[in-house]
Amino acid sequence: REAEAQARRWQERARSGEPLDVAGEMMRLTLRIIGLTMFTTDLTSEADVIGRSLDVIRAHSIRAMWRPANLPVWVPTPSNLRFRRALAAGDRVMREMIEARRSGEIRNDDLLSLLLRARDEETGEGMSDEQLRAEVVTIVGAGHETSAVTLSWAWYLLSQHPEVEGRLHEELARVLAGRTPTLEDLPRLAYATMVVEETMRLYPPAWAISRTAKRADTLGGYPVAAGSEALLIPYVTHRHPDFWDDPDEFRPERFAPAAKESRPRFSYFPFGGGPRQCIGQHFAMAEMLIVVATLAQRFRLRLAPGRAVVPEASISLRPREGVPMILHER
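Small disclaimer: the values here were computed from a predicted structure and weren't measured.

How do you make sense of the overall build of the protein when you look at a structure like this?
Assigned secondary structure in the protein consists of eleven helices and nine strands. Computed over its C-alpha atoms, the radius of gyration of the protein comes to 21 Å, within 12% of the 20 Å expected for a compact globule of 330 residues. If you line up the protein on its principal axes, its C-alpha atoms span 60 × 55 × 45 Å. Taken over 330 residues, the protein has a buried fraction of 46%. Counting only contacts in the protein whose residues sit at least 6 apart along the sequence, the fraction spanning at least 24 positions is 69%. Taking the average location of the 44 positive side-chain charges in the protein and that of its 45 negative ones, the two points are 2 Å from each other.

What follows is the structure in structure tokens.
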């Protein structure tokens, strides 16, 4: 429904011929999707508040990650004050949603209801408001931004590779013939899946993943002390010439079944791996495929003249200045 609503909004915009920031459009779309699917709540009216909060939190976290030492967040530096205000603004939205559900104003059988009903197996206690807030913030933050970033890069890459776009259009016409895709259609959208997977190879939204070593070990001849932090960098591995021919080229065919089987398992890990692999992986893939299939049937997107798209390694691998594009109805 949300992808269809986005198509209707874009239809009006396409007729104007004015460029729009597709990255911002995808952020708002995936925020609506995560709010409605997980919490039966339309977060559109709060999109600006959540977006600004996440931008400040993201910038603060990146600066903290690269500094050798950081002051505690309670120290009233300008950066810490901005960070705390951003946290408070985002928390307000989440707490209001939780309070409305606890008070009985809203009754839905969704993820938030499941979390409210959950009980500890040993104590029988439910989650505190603080625990619920942490779960909700994580799901909203991680559950919309990474999908939005991937979709933004997908539109950009398709605009730069019309032969790939043409093949995608052929598959959509054959499988869907103009109708809105359903979950049952997704296994038949093989090339669309390859497009999304190749997008995440070149621009993995989680470009760096951290893990703490539980025990001392040796990796590639280097000693790793127990308790030390290791950074795994999908962006580097996904472009490593040992695993990928012409690694900087956009070639969705790399993800044909036979090609995938010939590569080492962790030459590609956009969702991480092991017991901490992203819990939203299948949701995200379904969401991105439905959005791509719905919108690509109706529009061609082209980068606005004279504009460049540059990646920025923030918490996610975002387009630094957005993705300014012009919509063309098909």
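What is the right way to read the sheet that holds strand β6 (residues 299-303) from this model?
Pairing between the strands of a sheet is mediated by backbone hydrogen bonds and can be parallel or antiparallel. Taking strand neighbours across the sheet as the criterion, the three strands line up as β1-β9-β6 in an open arrangement whose pairing is antiparallel. One side of each edge strand has no neighbouring strand; the edge strands of this open sheet are β1 (20-21) and β6. Of the strand pairs in this sheet, β6 and strand β9 (residues 324-329) are connected by five bridges, and their pairing is antiparallel. Counterpart to Phe299 in the pairing with β9 is Glu329.

It is not clear to me how a negative patch on the surface should be interpreted in this structure. Could you clarify?
Together, Asp120, Glu121, Glu122 and Glu125 give the surface a local cluster of negative charge. Within the secondary structure layout, Glu125 lies in the loop between α5 (111-117) and α6 (129-160).

How should I be thinking about the packing of α6 against helix α7 (residues 162-175) in this particular structure?
The axes of two packed helices give the description: the angle between them and the distance between them. Interaxial distance between α6 and α7 falls to 5 Å at its minimum, and their mutual angle equals 110°. Classified by the angle their axes make, α6 and α7 are roughly perpendicular. Listed contacts from α7 to Leu158, Ser159 and Gln160 of α6 are Pro162, Val164, Glu165 and Leu168.

How should I be thinking about a nonpolar patch on the surface in this particular structure?
Nonpolar side chains collect at one region of the surface, where Met65, Trp66 and Leu231 lie side by side and expose about 330 Å² of accessible area between them. Tracing the sequence through the fold places Leu231 in strand β5 (residues 229-232).

What is the right way to read the pattern of salt bridges from this model?
Once the charged atoms of two side chains with opposite charge are near each other, the side chains can pair. The tally for this structure, following the rule as stated, stands at 21 salt bridges. For Glu2, the salt bridge goes to Arg32, with nearest N and O atoms at 3.0 Å. In this pair, Glu2 is assigned in helix α1 (residues 2-16) and Arg32 in helix α2 (residues 22-39), connecting sequence segments 30 residues apart. Overall, Arg32 belongs to the buried group, its relative accessible area being 9%. Members of the salt-bridge network, linked through shared partners, are Asp91, Arg95, Glu130 and Arg133.

I keep staring at α2 and nothing clicks. Help me out?
Two residues of an α-helix separated by three or four positions point the same way, owing to the 3.6 residues in each turn. Over its 18 residues, α2 extends 25 Å from the first C-alpha to the last, a length consistent with the 26 Å expected when each residue adds 1.5 Å. Judged by how many residues are buried, α2 sits mostly within the fold: 15 of 18 residues are covered. The opening residue of α2 is Asp21, an N-cap whose side-chain oxygen sits 3.1 Å from the backbone nitrogen of Ala23. Once α2 ends, the next one or two residues include Thr40, with phi positive near 50°.

Whenever I open this one, the side chain of Asp110 confuses me. Can you help?
Following the sequence through the fold, Asp110 ends up in the loop between α4 (78-102) and α5. Assessed through its relative accessible area of 6%, Asp110 is described here as buried. There is a polar contact of 3.3 Å between the side chain of Asp110 and the backbone nitrogen of Leu112. Apart from residues lying up to four places away in sequence, Asp110 is in contact with Thr37, Met38, Phe39, Thr40 and Arg101.

Help me understand α1 in this model?
Taking 1.5 Å of rise per residue, 15 residues should cover 21 Å, and α1 covers 22 Å from first to last C-alpha, within 8% of that figure. Looking only at α1, the buried set comprises Glu2, Ala3, Glu4, Ala5, Gln6, Ala7, Trp10 and Ala14. In this structure, the buried residues of α1 make contact with β1, α2, α6, α11 (281-296), β6 and β9. Following α1 by one or two positions, Gly17 adopts a phi angle in the positive range, close to 75°.

What is the right way to look at a positive patch on the surface in this model?
A grouping of Arg63, Arg67, Arg82 and Arg85 is seen on the molecular surface, where their side chains present a positively charged patch. Within the secondary structure layout, Arg85 lies in helix α4.

Sorry if this is basic, but what is going on with unusual backbone geometry here?
Excluding glycine, a negative phi dihedral is what most residues carry, and trans is how most peptide bonds are arranged. At Ala177, a position not held by glycine, the phi torsion is positive, near 50°. With respect to the helices, strands and loops of the structure, Ala177 is situated in the loop between α7 and α8 (190-202). Take Ala177: its relative accessible area is 67%, and that puts it in the exposed class. If you check the backbone angles, Asp246 has positive phi at about 45° while not being a glycine.

The rules behind each value
Residues numbered from 1 in each chain as written. Predicted model: local features only at pLDDT ≥ 70, side-chain atom pairs only at ≥ 80, totals over all residues. Heavy atoms only, no water. Helix = DSSP H or I, 4+ residues; strand = E, 2+ residues; numbered from the N terminus. Rg over C-alpha atoms; globule rule 2.2 N^0.38 Å. Buried < 20%, exposed > 50% of the residue type's maximum accessible area, 1.4 Å probe, protein only. Contact = heavy atoms within 4.5 Å. Lys, Arg positive; Asp, Glu negative; His and termini not counted. Charge placed at Lys NZ, Arg CZ, Asp CG, Glu CD. Pairing = 2+ DSSP bridges. Patch = residues over 30% accessible without salt bridge, like charges linked within 9 Å, V, L, I, M, F, W, Y side chains within 5 Å. Areas by Shrake-Rupley, 256 points an atom, 1.4 Å probe, with all protein chains shown as cover. Salt bridge = Lys/Arg side-chain N within 4 Å of Asp/Glu carboxyl O. Axes fitted to C-alpha atoms, helices over the stretch in contact; angles between N-to-C directions. Parallel < 35°, antiparallel > 145°, perpendicular 65-115°, else oblique. Expected span 1.5 Å × (residues − 1). Polar contact = N/O pair within 3.5 Å; in protein donor to acceptor, adjacent residues only side chain to side chain.

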